[in-house]
Amino acid sequence: MKNRNVLSYAANNALASGVRRMFELAKKYSDTINLTLGEPGFATPDYIVDAAVCGLKAGKTKYTPNAGIKELRDAISYKLLKENGIKCDPDKNLIVTAGATQALMLAMVTLVNPGDEVIIQGPNWPDYKGQIDMVNGKVVYAKVDESNEFKMTADVIEPLITDKTKLIIINSPSNPTGGVLDFEDLKKIAELVKKYKLFIISDEPYERLVYDGFEQKSLASIEGLDDYVLTINSFSKTFAMTGFRVGYICANETIISNLTKLHENMIASIPEPMQMAAVKAVYEGDADVRHMVEYYDRNRRTIVEGLNGIKGFSCLMPKGAFYVFPNITAFGMTSDEAAEYILERTHVVTAPGSAFGPDGEGFIRICYASKYEDILEALHRMKEAFGTK
Ligand code: PLP
């Protein structure tokens, strides 16, 4: 008898996270500084937490509509028009999801058939690949380069488009590089999408975390893209709400109605108290966001300047997100070896570039969203261990 007691292709091919592996190795030491996880160091602002607590106490403990509560869809629609120049009808063009992670998975299930090609940036946020594998799509990496500030431009994407290409994912500001696409870059990508009639996801969870006066524009603010673009965003990074698991997708009515059907099968709805907290964040979170961005900016400038003075590192100044992606080829090691070596010598935990796909080799990712004092101490330890230039 044939043995059918075998896990799925997706399970067998899922890669263990290279970031989590560093966590395990770090457990040996008691004085580590962890600059690995992509998570704000700030606590969630009190009034946002209070809104969730109020929701729980008021008995908001039941299912909500699949697309999310009306108050949150209204709030998101208001935000998208005000901040992103995107017009959207809260009843037709929006669905609330469990963070951008589930938004992306839902979009993959809705758009991608087995064998379809999906173009993503290399190096990339690892979950894109994991999710494309889950729907039996094929990952195609658009390799971005330090010499072009890690930009995934139309020039990089176009040669990769084939008859099988179904979807492109852009992510600006980017995890892991901190690179950004400006409005001119987005306009060229918009032309490409219209020319080849492709779907495109603009994954924008870091859109507010930008520096040096850079303003992140949304692809969907460009005219004529209604048939093609899905805007995905999340409350996680902007408002220090990673554990609340609230995100959303904005797209045309046909796409949203189909996403909503599949959302019922996948997760049904998001806890109402968490949605109520997100409403509060939209209307009252602005000052806190500005404060957090200012704080990250100081960390960013300090870490780039510090790393560029230490032997082995060469680091671009990123314009967005809260990551730096220094080149570590001068260590003469693979990125895995370098991250382990840095951990052993300094007890500073970083993520090897290889954790972000094959194009991440030669780099490490450092998240600078933690305390300023931790950044200073990490730099001090690295200076002591590797010497100055
Ligand atoms: N997209 C990118 C590029 C990310 O880096 C992350 C989280 O690290 C997400 C999406 C998902 O974020 P969340 O599910 O917390 O909204």
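A quick note: this is a predicted structure, and the numbers were derived from the prediction, not measured. (Residues numbered from 1 in each chain as written. Predicted model: local features only at pLDDT ≥ 70, side-chain atom pairs only at ≥ 80, totals over all residues. Heavy atoms only, no water.)

**Student:** Just checking my understanding: could you explain helix α6 (residues 126-134) for this structure?
**Tutor:** For α6, the set of buried residues is Tyr128, Gln131, Ile132 and Asp133. Here the buried face of α6 lies against α1 (9-13), α5 (99-111), β3 (117-122), β4 (138-143), β5 (165-170) and β6 (199-203). Asparagine 136 sits one or two residues past α6 and shows a positive phi near 55°. (Buried < 20%, exposed > 50% of the residue type's maximum accessible area, 1.4 Å probe, protein only. Helix = DSSP H or I, 4+ residues; strand = E, 2+ residues; numbered from the N terminus. Contact = heavy atoms within 4.5 Å.)

**Student:** Looking at this structure, how should I read the sheet that holds β3?
**Tutor:** Adjacent strands of a sheet pair through backbone hydrogen bonds, lying either parallel or antiparallel. Sheet architecture is open: 7 strands sit in the order β2-β8-β7-β6-β5-β3-β4, paired in mixed fashion. If you trace the sheet from one side to the other, it starts and ends with β2 (94-97) and β4, each paired once. The mean angle between the axes of side-by-side strands here comes to 25°, regardless of whether they run parallel or antiparallel. Relative to strand β8 (residues 247-250), strand β7 (residues 229-234) runs antiparallel, the two being bridged by 4 bridges. Bridge pairing in β8 links asparagine 233 to tyrosine 248. Along the sheet, helix α9 (residues 253-266) makes contact with β2, β6, β7 and β8, crossing β2 at roughly 30°. (Pairing = 2+ DSSP bridges. Axes fitted to C-alpha atoms, helices over the stretch in contact; angles between N-to-C directions.)

**Student:** Would you take a moment to explain the pattern of salt bridges for this structure?
**Tutor:** Opposite charge on two side chains allows them to pair when their charged atoms are near. For the structure shown, the criterion picks out 26 salt bridges. Across the salt bridge formed by lysine 79 and glutamate 83, the nearest N and O atoms sit 3.1 Å from each other. Residue lysine 79 and its partner glutamate 83 are both found in helix α4 (residues 70-84); the two are separated by 4 residues, about one turn of the helix. Since its relative accessible area comes to 30%, glutamate 83 is described here as partly exposed. Here glutamate 207 ties to lysine 79 by a salt bridge, and the two come within 2.7 Å at their closest N and O atoms. Of this pair, glutamate 207 sits in the loop between β6 and β7 while lysine 79 sits in helix α4, and the two are 128 residues apart along the sequence. (Salt bridge = Lys/Arg side-chain N within 4 Å of Asp/Glu carboxyl O.)

**Student:** Whenever I open this one, the sheet that holds strand β9 (residues 323-324) confuses me. Can you help?
**Tutor:** The strand order across the open sheet formed by 3 strands is β9-β12-β11, and the pairing between neighbours is antiparallel. With one partner strand each, in any of the chains shown, β9 and β11 (351-352) form the two edges of the open sheet.

**Student:** Can you help me understand the site of the ligand in this one?
**Tutor:** Surrounding the ligand, one finds 14 residues, the nearest of these being Thr101, Asp203, Tyr206, Ser234 and Ser236. Alanine 100 is positioned such that a nitrogen or oxygen atom in its backbone is 2.7 Å from an oxygen atom of the ligand. Contacts to the ligand include asparagine 175, whose side-chain N or O atom sits 2.8 Å from an oxygen atom. Calculation on the ligand without its partners gives an accessible area of 400 Å², and the protein chains cover 94% of this total. Counting residues per element, the shell around the ligand draws most heavily on α5, which supplies 3 residues. Residues that form the shell around the ligand fall into these classes: 5 nonpolar, 6 polar and 3 charged. (Near = heavy atom within 4 Å. Polar contact = N/O pair within 3.5 Å; in protein donor to acceptor, adjacent residues only side chain to side chain. Areas by Shrake-Rupley, 256 points an atom, 1.4 Å probe, with all protein chains shown as cover. Nonpolar A, V, L, I, M, F, W, Y, C, P; charged D, E, K, R; others polar.)

**Student:** Teacher, can you tell me more about the nonpolar core here?
**Tutor:** Soluble globular proteins: nonpolar side chains tend toward being buried together. Ranked by internal contacts, the top residues of the largest apolar core, which has 99 residues, are Phe235, Phe313 and Phe322. By residue number, the principal contributor to this core is helix α11 (residues 286-308), which donates 7 residues. Both domains that furnish three or more residues to this core are identified here as domain 1 (9-43 + 287-386) and domain 2 (46-285). Discounting residues that sit within four places of it in the chain, phenylalanine 235 has contacts with Leu72, Ile76, Ala240, Met241, Val246, Tyr248, Ala278, Ala281 and Val282. Within the second largest apolar cluster, 28 residues are counted, among which are Met108, Ile169, Ala251 and Ile255. (Core = buried A, V, L, I, M, F, W, Y, C linked by side-chain atoms within 4.5 Å. Domains from an automatic or database assignment.)

**Student:** Could you clarify how one ought to interpret helix α10 (residues 272-284) in this entry?
**Tutor:** Residues spaced three or four apart along an α-helix point in a common direction, a consequence of the helix completing one turn every 3.6 residues. If you check α10, its first and last C-alpha atoms are 18 Å apart, about what 13 residues at 1.5 Å a residue would give, namely 18 Å. Of the residues making up α10, those classed as buried are Glu272, Pro273, Gln275, Ala277, Ala278, Val279, Ala281 and Val282. Turning to α10, the residues buried within the fold contact α3 (46-57), α4 and β2. (Expected span 1.5 Å × (residues − 1).)

**Student:** Is there a simple way to explain the packing of aromatic side chains in this structure?
**Tutor:** The full count for this structure, using the stated rule, is 19 aromatic pairs. Note on tyrosine 296 and phenylalanine 322: the rings are 5.5 Å apart at their centroids and 75° apart in plane angle, and the pair reads as edge-to-face. Of this pair, tyrosine 296 sits in helix α11 while phenylalanine 322 sits in the loop between α11 and β9, and the two are 26 residues apart along the sequence. Seen from their ring centres, phenylalanine 322 and tyrosine 323 are 5.2 Å apart, and the 75° between their planes marks the pair as edge-to-face. For the pair shown, phenylalanine 322 and tyrosine 323 are each scored as buried. Members of the aromatic cluster, connected to one another through ring pairs, are Phe42, Tyr206, Tyr295, Tyr296, Phe322 and Tyr323. Across the ring face of phenylalanine 23, the terminal group of arginine 20 is positioned such that the distance to the ring centre comes to 5.7 Å. Positioned over the ring face of tyrosine 372 is arginine 298, at 3.7 Å from the centre of the ring. (Phe/Tyr/Trp six-rings, centres within 6.5 Å; stacked < 30°, edge-to-face > 60°. Lys NZ or Arg CZ within 6 Å of the ring centre and 35° of its normal.)

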